[in-house]
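Structural characterization, general
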Amino acid sequence: MFEGYPSKPAPYLVSAWKDNQSQEDARSFDFSEQDAECVGINFQIGDPGVDLENPYLSIFSTTNYPK
């Protein structure tokens, strides 16, 4: 059983946080706010060569990939 993670589902929301962060510091992406047929997301921790001691968490998104 997982502990410390959201227990109520949210069908259009994805959240992430680092182990040393509180859940309140989570980064979230809400798919329901997008008006696109296709949405891509990418989670990134830190930036190569920058702040290696305390890297940040980012969520990048893109929409409407070419078919």
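Residues numbered from 1 in each chain as written. Predicted model: local features only at pLDDT ≥ 70, side-chain atom pairs only at ≥ 80, totals over all residues. Heavy atoms only, no water.

**What to know about the overall build of the chain**
Which entries qualify depends on this criterion: Every helix listed is a DSSP run of H or I at least four residues long, and every strand listed is a run of E at least two residues long, numbered separately from the N terminus. Residue exposure (1.4 Å probe, protein chains only): buried if accessible area is under 20% of the type maximum, exposed if over 50%, otherwise partly exposed. What sets the accessible areas is the Shrake-Rupley method with a 1.4 Å probe; for residues, cover comes only from the shown protein chains.
Across its full length, the chain carries zero helices and four strands. Here the chain, with 67 residues, has 12% of them falling under the buried criterion. Only carbon and sulfur atoms are counted for the fraction: they give 50% of the accessible area of the chain, which is about 5,800 Å².

**Observations regarding the side chain of Ser-58**
Quick note on the threshold: We call two residues contacting when some pair of their heavy atoms lies within 4.5 Å.
On the secondary structure map, Ser-58 appears in strand β4 (residues 57-63). Once residues within four sequence positions are removed from consideration, Ser-58 is found in contact with Asn-42, Phe-43 and Gln-44.

**Some thoughts on the packing of aromatic side chains**
Each aromatic ring pair is characterised by the separation of its centres together with the angle its planes make. Here is the rule: Pairing of aromatic rings covers Phe, Tyr and Trp, the last counted by its six-membered ring, and requires centre-to-centre distances within 6.5 Å; plane angles under 30 degrees mean stacked, over 60 mean edge-to-face, and any other angle means tilted.
Following the criterion strictly, the structure yields one aromatic pair and no others. Aromatic pair Phe-29 and Phe-31: ring centres 4.9 Å apart, planes at 80°, arrangement edge-to-face. The partly exposed category is assigned to Phe-31, whose relative accessible area is 31%.

**Here's the deal with the environment of Ile-45**
Within the secondary structure, Ile-45 sits in strand β3 (residues 39-45). On the accessibility criterion, Ile-45 (55% relative accessible area) is exposed. Apart from the residues within four sequence positions on either side, Ile-45 is in contact with Lys-18, Pro-55, Tyr-56 and Leu-57.

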